Protein chains: 2
Amino acid sequence: MDHQAKGTRKGRAALKADEAKVDLIAVVVAVNDSEPCLLTIGNADTLPSGPYALEHRSLQSGLRGWVEQQTGHPLGYIEQLYTFADRDRIGAERQERAISISYLALTRKEQATGSANCGWRSWYEYFPWEDHRSGTPVVLDILRPRLIEWAEGASDATTRRERRQRAAIAFGFDDRNWNEELTLQRYELLYESALIEEAGGGRDVAPAAVSGKAMIADHRRILATGIARLRSKIKYRPVVFELMRPSFTLLQLQRTVEALAGRLINKPNFRRLVEQQELVEETGETSLETGGRPAKLYRFRHAVLDDRAVAGTKLPLARA
Amino acid sequence: MDHQAKGTRKGRAALKADEAKVDLIAVVVAVNDSEPCLLTIGNADTLPSGPYALEHRSLQSGLRGWVEQQTGHPLGYIEQLYTFADRDRIGAERQERAISISYLALTRKEQATGSANCGWRSWYEYFPWEDHRSGTPVVLDILRPRLIEWAEGASDATTRRERRQRAAIAFGFDDRNWNEELTLQRYELLYESALIEEAGGGRDVAPAAVSGKAMIADHRRILATGIARLRSKIKYRPVVFELMRPSFTLLQLQRTVEALAGRLINKPNFRRLVEQQELVEETGETSLETGGRPAKLYRFRHAVLDDRAVAGTKLPLARA
DNA sequence: TCCGATTATATTCGATCTGACAATAAGGGG
DNA sequence: CCCCTTATTGTCAGATCGAATATAATCGGA
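Attention in this report is confined to the structure presented alongside it. (Residues numbered from 1 in each chain as written. Chains lettered and ligands numbered in written order. Predicted model: local features only at pLDDT ≥ 70, side-chain atom pairs only at ≥ 80, totals over all residues. Heavy atoms only, no water.)

1. Here we look at the overall build of chain A
Part 1 of the argument: Check the secondary structure of chain A and you find 10 helices and eight strands.
Part 2 of the argument: When burial is assessed residue by residue, chain A has 52% of its 320 residues classed as buried.
Part 3 of the argument: Partitioning the contacts of chain A with sequence separation of at least 6, the portion at a separation of at least 24 is 66%.
Part 4 of the argument: Summed over all atoms, the accessible surface of chain A reaches about 14,500 Å², with 47% contributed by carbon and sulfur. (Helix = DSSP H or I, 4+ residues; strand = E, 2+ residues; numbered from the N terminus. Buried < 20%, exposed > 50% of the residue type's maximum accessible area, 1.4 Å probe, protein only. Contact = heavy atoms within 4.5 Å. Areas by Shrake-Rupley, 256 points an atom, 1.4 Å probe, with all protein chains shown as cover.)

What follows is the structure, encoded as structure tokens:
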């Protein structure tokens, strides 16, 4: 009565009826020189990953093992992202079931111990339309007419209206505000409209500089999921500090948040928010790196992980 | 180079090295008469679940299939919660790996089509300390000294301070505010301190009326995850309407939100927020159910699922 | 039919928060 | 000593939020 009727199918493939392959996939992020970077292996089009195996004590430790083995990078902060069941991935014809459990990890670039066939790439190479720090990126001037065209290409009027609306919301057309958290929705729209490489077809695919670098299988979708999650999370949890050096200036902190969010923040307001939440404390030293008046150095108050636990790091973003 | 060295382990059990059993588990929620209800099977201590099988087109459709088969309930809104790898669950000794992918589903009680060995229970039967609608529940008067006792029982002073602090934050001791979103943290504290049944031991377990009804395996933890997610989500996405009838009064809507959040909301402020976000529109009819002045009936504006898509239903909660 | 009990709906007010802008302070270099 | 650069502090109006109050509509009993 509990788990019923598992024997009704003909066991056709190598796998038994109720078993599946389980893969662990990592989106490993660091920020360097105001640029959000992704850890990749192979041709910079693959995320670190590997099968969940018997000797792994847990999903997390399995993931750490694979990433360290493939990239030489030990991981700090880890958070589960999403679990996909991707039939297409390995073998649709063989009817294997493959499950991918994806994780978001935050580190710093320096923690590498040499090694391996891996490297860091700005995540905006994969999503050129996501970086609004210098205003609306030019690639959107190319993508917008293509998206409109796709919307108008629908057979019935209802679908057309719906498509126009979805595109307008996701990309901020028609005087709407840009919402940096909609990274996944934007990716899915571009996928549906076949403007990017993964989306089969290929005839309508925009040039790589516009549509961004593709990745194998569904890895770019997983990256989009990670970016969206991170952009949302920095607003209510102090996770940014996982990406910072032990001591830093407030401007460095701001630039890091801006790199992740893909948009600029008002400086005084950012400072006010960080200080009034008591997220940081002065080290007493100053940094002379920037030319002008020396900036005070701060360190993260680890105490907030206890007492403030949930309050969160709101970030003040410009409205329009 | 991609997925390397999968043959290094001795194939010991029935399962092959890189395969695992995958279960789908559902937390199905409805709200009836201002009471948040959970759909259970068996002895009201089991969540609907079943193995992910070959004939399932996707994880979601597999889940829908199992729930409908076990309870006769078709599901509407579904959202993935978390993926657990629970060695303990099925057979630690056999070294099987079992993966549980959990989902949160929202429906209405009426949509049942009779059938089956299942039923609805208020989720506060499992978590009596979570309902603060009538002020701080009395069970906390019993749990608090037990938690303090547990905290003071630690060997070193650092651990003691840390435990006291965690308990105070999670449960709102020492004049802190109650935070309804910390359901999972509270469950984990009670688990660690062995005050609930699942936590092995048993000698310190409080009476069932205080520690709540237990569930099999880790099902109560999964429920806690679902409650926490839902309490967080109603604040920024209009998901409440999945639980409402096609037309409803604003007070009914408020009572539903309060049931989920486990705390009361200021009436005028709630109305203001709902109206200024244009989440609902009047049907033109009124409800006479309540005795006094008839309440206007409203329906959900499905348009907001498009245009406002992400804005969100903030809910105004009392501060202290 | 009038009155009060009950519930729904509308309005107001002050505290706080937020975004935008301006002003001042502290270094380096000519 | 002046000027340029960057850091830091301060101000102000508008929006938001929580709390409390005032008004409206129905029912039932005197």
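2. Regarding the side chain of arginine 186 of chain B
Residue and element names in this part refer to chain B.
Part 1 of the argument: Of note, arginine 186 is situated in helix H5 (residues 183-192).
Part 2 of the argument: Looking at arginine 186, its side chain comes within polar contact range of the main-chain oxygen of glutamate 180, at 3.2 Å.
Part 3 of the argument: Excluding residues that lie within four positions of it along the chain, arginine 186 makes contacts with Trp129, Glu130, Ala170, Phe171, Trp178, Asn179, Glu180, Glu181 and Arg231. (Polar contact = N/O pair within 3.5 Å; in protein donor to acceptor, adjacent residues only side chain to side chain.)

3. Points about the nonpolar core
Part 1 of the argument: Counting 61 residues, the largest nonpolar core has Val27, Trp129, Phe171, Leu230 and Leu260 of chain A as its most contacted members.
Part 2 of the argument: When residues of this core are assigned to their parent elements, the largest contribution, six residues, is made by helix H3 (residues 139-152) of chain A.
Part 3 of the argument: Core analysis: the next-biggest nonpolar cluster, separate from the first, contains 60 residues, Val31, Ala170, Met244 and Leu250 of chain B among them. (Core = buried A, V, L, I, M, F, W, Y, C linked by side-chain atoms within 4.5 Å.)

4. Examining the protein's contact with DNA strand D
Part 1 of the argument: Around DNA strand D there are 23 residues in total, and Arg271 and Lys296 of chain A together with Asn269, Arg272 and Pro294 of chain B lie nearest to it.
Part 2 of the argument: Here a phosphate oxygen of DNA strand D and a side-chain polar atom of lysine 267 of chain A are 3.1 Å apart.
Part 3 of the argument: With four residues, the single largest contributor to the surface near DNA strand D is helix H9 (residues 267-276) of chain B.
Part 4 of the argument: Across the surface near DNA strand D, the residue classes tally to 10 nonpolar, six polar and seven charged. (Near = heavy atom within 4 Å. Nonpolar A, V, L, I, M, F, W, Y, C, P; charged D, E, K, R; others polar.)

5. So, the pattern of salt bridges
All names here are of chain A.
Part 1 of the argument: Scanning the model with the defined rule gives 36 salt bridges over all chains in all.
Part 2 of the argument: Where aspartate 141 meets arginine 144, a salt bridge forms, and the shortest distance between an N and an O atom there is 3.3 Å. Highlighted residues: aspartate 141 and arginine 144, both in helix H3, separated by three residues, approximately one helical turn.
Part 3 of the argument: A relative accessible area of 36% means that arginine 144 is categorised as partly exposed. (Salt bridge = Lys/Arg side-chain N within 4 Å of Asp/Glu carboxyl O.)

6. Points about unusual backbone geometry
Glycine aside, negative phi is the norm for most residues, and most peptide bonds take the trans geometry.
Part 1 of the argument: Non-glycine residue glutamate 278 of chain A carries a positive phi angle of around 55°.
Part 2 of the argument: Take glutamate 278 of chain A: it is sitting in the loop between helix H9 (267-276) and strand E7 (280-287).
Part 3 of the argument: Phi at aspartate 33 of chain B is positive, roughly 50°, even though this residue is not glycine.

7. Focus: the environment of leucine 38 of chain A
Residue and element names in this part refer to chain A.
Part 1 of the argument: With respect to the element layout, leucine 38 can be found in strand E2 (residues 35-41).
Part 2 of the argument: C-alpha separation for the pair leucine 38 and glutamate 125, spaced 87 residues apart in sequence, amounts to 9.9 Å.
Part 3 of the argument: Every residue in contact with leucine 38, bar those within four places of it in the chain, is listed here: Val27, Val28, Leu47, Gly119, Trp120, Arg121, Tyr126, Met215 and Leu223.

8. A few points about the packing of aromatic side chains
Remark: the centre distance and the inter-plane angle together describe each pair of aromatic rings, the angle taken between the planes.
Part 1 of the argument: Under the defined criterion, the tally for this structure stands at 16 aromatic pairs over all chains.
Part 2 of the argument: With a centroid separation of 6.0 Å and 80° between ring planes, the pair formed by tryptophan 123 of chain A and tyrosine 124 of chain A is classed as edge-to-face. Here tryptophan 123 of chain A matches tyrosine 124 of chain A in class, with each residue buried.
Part 3 of the argument: Note on tyrosine 187 of chain A and tyrosine 191 of chain A: the rings are 6.2 Å apart at their centroids and 45° apart in plane angle, and the pair reads as tilted. Of this pair, tyrosine 187 of chain A and tyrosine 191 of chain A are both found in helix H5 (residues 183-192), four residues apart, which corresponds to roughly one turn of the helix.
Part 4 of the argument: Put simply, the rings of Phe127, Trp129, Tyr187 and Tyr191 of chain A pair up and form one aromatic cluster.
Part 5 of the argument: Residue placement shows arginine 221 of chain B over the ring face of tyrosine 191 of chain B; its charged tip is 5.4 Å from the ring centre. (Phe/Tyr/Trp six-rings, centres within 6.5 Å; stacked < 30°, edge-to-face > 60°. Lys NZ or Arg CZ within 6 Å of the ring centre and 35° of its normal.)

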